[in-house]
Amino acid sequence: MTETSNSNPISTRLQRIAELARNYPESQLKTLAHHIDVDFLREAYRLTRKDGAAGVDGVTSAEYGADLESNLVDLLNRAKSGRYRAPAVRRVHIPKPDGRLRPLGIPTFEDKVLQRAVVMVLEALYEQDFLDCSYGFRPGRSAHDALQALRDGVMTLGGHGGFVIEADIRDCFGSIPHGQLREILSQRMRDGVLTRLIGKWLNAGVMEAGRTSRPEAGTPQGGVISPLLANVFMHTVLDVWFETEVKPRLRGRALLVRYADDFVMVFDRKDDAERVYDVLPQRFARFGLQLHPEKTKLLSFQRPGAGHDPESFDFLGFTHHWARSLRGYWVVKQRTAAPRLRRALCAVSDWCRLHRHFPVPYQRRMLARKLQGHCAYYGITGNYDALDRFRRGMLHLWRKWLLRRSNSARRSWAWWEQFCAHHPLPPARAVRSTLRLS
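Bear in mind that the values here come from a model prediction, so they are computed numbers and not experimental data. (Residues numbered from 1 in each chain as written. Predicted model: local features only at pLDDT ≥ 70, side-chain atom pairs only at ≥ 80, totals over all residues. Heavy atoms only, no water.)

### Here we look at the overall build of the chain
Right, so step 1: Along its length, the chain carries 15 helices and eleven strands.
Right, so step 2: Dimensions of the chain along its principal axes, counting C-alpha atoms only, are 70 × 60 × 45 Å.
Right, so step 3: A total of 438 residues make up the chain; the buried ones form 46% of that total.
Right, so step 4: The contacts of the chain with a sequence gap of at least 6 include a subset with a gap of at least 24, amounting to 70%.
Right, so step 5: Of the roughly 22500 Å² that the chain leaves accessible, carbon and sulfur atoms contribute 49%. (Helix = DSSP H or I, 4+ residues; strand = E, 2+ residues; numbered from the N terminus. Buried < 20%, exposed > 50% of the residue type's maximum accessible area, 1.4 Å probe, protein only. Contact = heavy atoms within 4.5 Å. Areas by Shrake-Rupley, 256 points an atom, 1.4 Å probe, with all protein chains shown as cover.)

### Things to note about helix H10 (residues 226–246)
Right, so step 1: The largest bend in H10 comes to about 45 degrees, at His235.
Right, so step 2: Most of H10 is tucked away: 17 of the 21 residues are buried. (Bend = angle between axes of the 7 residues up to and from the residue.)

### With respect to the confidence of the model for the chain
Right, so step 1: Taken as a whole, the chain shows an average pLDDT of 91; of its residues, 94% reach a score of 70 or greater.
Right, so step 2: In the model, residues 1–6 has pLDDT below 50 throughout and makes nine contacts with residues more than four positions away in sequence or in other chains. (pLDDT = per-residue confidence, 0-100.)

### Some points on the sheet that holds strand E9 (residues 313–315)
Right, so step 1: Pairing within the open sheet is antiparallel, and its three strands lie in the order E9-E10-E11. Each of the sheet's edge strands pairs with one partner strand only, and the pair in question is E9 and strand E11 (330–336). Between one strand axis and the next, the sheet turns through 40 degrees on average, direction left out of account.
Right, so step 2: Sheet analysis places E9 next to strand E10 (residues 318–324), joined by three bridges and oriented antiparallel. Looking at E10, one finds that Phe315 is bridged to Phe318.
Right, so step 3: Contacting E9, E10 and E11, helix H6 (residues 143–156) runs over the sheet at an angle of about 155 degrees to E11. (Pairing = 2+ DSSP bridges. Axes fitted to C-alpha atoms, helices over the stretch in contact; angles between N-to-C directions.)

### Some details on the packing of aromatic side chains
In this description, a pair of aromatic rings is defined by centroid distance and the angle of the planes.
Right, so step 1: Overall, the coordinates contain 19 aromatic pairs when judged by the stated rule.
Right, so step 2: Considering the side-chain rings of Phe318 and Tyr378, the 5.2 Å spacing of their centres and the 50 degrees angle between planes classify their relative orientation as tilted. With Phe318 in strand E10 and Tyr378 in helix H13 (residues 360–378), this pair connects stretches of sequence that are 60 residues apart. Each member of the pair, Phe318 as well as Tyr378, carries the same accessibility label: buried.
Right, so step 3: Arranged with centres 5.3 Å apart and planes meeting at 15 degrees, the rings of Trp416 and Phe419 form a pair that is stacked. Separated by three residues within a single helix, Trp416 and Phe419 lie in helix H15 (residues 413–422), roughly one turn from each other.
Right, so step 4: The buried category is assigned to Trp416, whose relative accessible area is 6%.
Right, so step 5: Taken together, Trp398, Trp415, Trp416 and Phe419 form an aromatic cluster joined through their ring pairs.
Right, so step 6: Geometry around Tyr45 places Lys50 over its ring, the cationic atom sitting 4.6 Å from the centre.
Right, so step 7: One cation-aromatic arrangement involves Arg404 over Trp401; the distance from NZ or CZ to the ring centre is 4.8 Å. (Phe/Tyr/Trp six-rings, centres within 6.5 Å; stacked < 30°, edge-to-face > 60°. Lys NZ or Arg CZ within 6 Å of the ring centre and 35° of its normal.)

### Details of the pairing of strand E7 (residues 262–267)
Right, so step 1: In terms of residue burial, E7 counts as a mostly covered element, since five of its six residues are buried.
Right, so step 2: Pairing of strand E3 (residues 161–168) with E7 involves six bridges; the strand directions are antiparallel. Each bridged residue has a counterpart across the sheet, and for Ile165 the counterpart in E7 is Met265.
Right, so step 3: In this antiparallel pair of consecutive strands, strand E6 (residues 254–259) and E7, the connection spans two residues, and Ala260 shows a positive phi of 60 degrees.

### Considerations on the packing of helix H12 (residues 338–354) against helix H14 (residues 384–402)
Right, so step 1: With their axes 9 Å apart at the nearest point, H12 and H14 run at an angle of 25 degrees to one another. Our classification of the angle between H12 and H14 gives roughly parallel. Judged by the sense of rotation from one axis to the other, the crossing of H12 with H14 is right-handed. Within the contact between the two elements, H12 uses Leu341, Ala344, Leu345, Val348, Ser349, Cys352 and Arg353 and H14 uses Ala386, Arg389, Phe390, Gly393, Met394, Leu397, Trp398 and Trp401.
Right, so step 2: Across the contact of H12 with H14, the residue classes break down as eleven nonpolar, two polar and two charged. (Parallel < 35°, antiparallel > 145°, perpendicular 65-115°, else oblique. Left-handed = near helix turned anticlockwise from the far one by under 90°. Nonpolar A, V, L, I, M, F, W, Y, C, P; charged D, E, K, R; others polar.)

### Considerations on the nonpolar core
Right, so step 1: Formed by 76 residues in total, the largest nonpolar core has its most connected members in Met265 and Phe284.
Right, so step 2: Ignoring anything within four residues of it in the chain, the contact list for Met265 reads Phe163, Val164, Ile165, Leu238, Trp241, Phe242, Leu255, Leu256, Val276 and Leu280.
Right, so step 3: Grouped together as the second largest cluster of nonpolar side chains are 46 residues, Val257, Trp322, Phe390 and Trp398 included. (Core = buried A, V, L, I, M, F, W, Y, C linked by side-chain atoms within 4.5 Å.)

### Quick look at the packing of helix H8 (residues 178–186) against H10
Right, so step 1: The interhelical angle for the contact between H8 and H10, taken along N-to-C directions, is 80 degrees, at an axis separation of 10 Å. With respect to their mutual orientation, H8 and H10 come out roughly perpendicular. Between H8 and H10, the residues in contact are Gln180, Leu181, Ile184 and Leu185 and Leu229, Val232, Phe233 and Thr236, respectively.
Right, so step 2: Looking at the contact of H8 with H10 residue by residue, the class counts come to six nonpolar, two polar and no charged.

Written out as structure tokens, the structure is:
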């Protein structure tokens, strides 16, 4: 079936929810589910990714879309009447860079559509409450916005930096207590239909090797709604607490930047940083979360000079450090974190090994896409050297695996230079650099 959607009425409904939330910031909204109808579900279907794996029911997006209208009407009736049963999430495991396995949840396609519809409603509500310090999984915000806000914030703390709390929450998405999450949601949203649906998703369970387990904590694995629920939880646990209880008690200035469950705090006074660092584990323990003791640390990030020897810290894949600008001033720079660079090159090596016998033009085309994708994220101001190292590493690995095809190991360096001239990779580009001329 051809996807068609008139999103104007949908956007009008979402604007009404947002306006209501802005006008009544302290009120509980109790009638939201009536905005969800077949047109709303059709828009949710349009926004749902169609290339994902099937869930426990084995139904693909193409099969669901073959009789879309009938399926959406049936889904709406079950959701509104309470007859909808949230299916278990199919769990698979994918390898992590450290060799361990990461569990990955795969909901059914129908579940994704319904979750997307609920996310659209709740997003319109909670976007009016969320603070500027949070950036993850929010419309119109990105990791690059968080990085820029962090850099600008550090530079404006008198221009001398300060003291940084680099925090790591242990399995945040899998540890959020259901009871406290429901309580936080009820402070702003008391719609019976939506509350019932969220409760069903929290209790749906996980199916692995034919067995279903029902965890007592954590947001729905792999669910579209999971990042939003985590944001709502962290908004209360961290963001509001930091703005309303922590900052008024500080003697100096402070900054919080959060992206989903990753966050950094910056203080211009050491005593303020130490006080917050001491109380932070207790704050998270109240809400069933635990900070990783080895990955959570307080470090000095003052501008070099006058006896200061600043440390560096990592956030969102970048190492933040002090360095001289082109004009000789001390500035905060962000470069690709060493573990991320190694991980990216290991992925390139694995790909080249598996595809070394494929046609060279195909290999060049795919490697060019990988390089451009890498630069799309890591191509920020001041990070060109790391981008160039990635490109040179990619060329080295490509040559390594090409020479292992049959009897190619005796190829000379002149051959490789001629090869690169005939099959060139694009140059590394700082795509998001503020120094590039348009």
